[in-house]
Amino acid sequence: MRFKDKFYNRNLTYHKADFSFELPEYINRGRFAKAVIDPEKYLSDKINFNIDCVAAGDITSLGGYAYIKGTLTETYVLIFTRTNIAVPIKANTELRNDIALETGNKTLNLCGFSANIDTCLFEKGSYTIGIMLINKITRKKYIALSNKKLNVL
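The present account deals with the structure reproduced in this document. Please read these numbers as outputs of a predicted model, since none were measured by experiment. (Residues numbered from 1 in each chain as written. Predicted model: local features only at pLDDT ≥ 70, side-chain atom pairs only at ≥ 80, totals over all residues. Heavy atoms only, no water.)

## Some points on the sheet that holds strand 1 (residues 36-37)
Overall, antiparallel pairing links the five strands, which are arranged 1-5-4-8-9 in an open sheet. The outermost strands of the open sheet, each flanked by one partner alone, are strand 1 and strand 9 (141-152). Summarising the sheet, strand 8 (residues 125-135) and strand 9 pair through nine bridges and their orientation is antiparallel. Of the residues in strand 9, the one forming a bridge with Gly-130 is Leu-145. (Pairing = 2+ DSSP bridges. Helix = DSSP H or I, 4+ residues; strand = E, 2+ residues; numbered from the N terminus.)

## Describing the pairing of strand 7 (residues 112-118)
Across seven bridges, strand 3 (residues 59-67) lies against strand 7 in antiparallel orientation. Directly across from Gly-63, in strand 7, lies its bridge partner Ser-114. Relative to strand 7, strand 6 (residues 92-94) runs antiparallel, the two sharing three bridges. Considered in strand 7, the bridge of Glu-94 is made with Gly-112.

## Notes on the side chain of Thr-119
Mapped onto the secondary structure, Thr-119 falls in the loop between strand 7 and strand 8. Residue Thr-119 is classed as buried on the basis of its relative accessible area, which comes to 7%. Leave out the neighbours within four places in its chain, and Thr-119 touches Gly-57, Asp-58, Ile-59, Thr-60, Leu-150 and Val-152. (Buried < 20%, exposed > 50% of the residue type's maximum accessible area, 1.4 Å probe, protein only. Contact = heavy atoms within 4.5 Å.)

In structure tokens form, the structure reads like this:
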């Protein structure tokens, strides 16, 4: 006895959907799901930030703090692969009581961040590291460049 699928239609098998897509070569052969194009238009001097630690290896760990006074934000670490392309990496929120005590603002307890970057996804070279904060209410982006570099060997 032959099993018949009641939802199978022989007339539709020739019209299969093609879900493939091409990613531009400059986004590192499609290894990254997202990219920020033209990050210069989001540059802002409102961001107070510092990248405290950079530990290199196959997985590079970054830590520090970043905040804009009076706004709730999400933190991303940006890796600038070219002048007009940056790869955002979502950072984990960390508790930073020292920043809250220093500024006298208790709402800044959660301004710390940590991020792990898989350096195997990047080609050999030196990349500029930046911080992107996105306002949780308006979704407006703010970007600041740091003087730190990610060196991939």
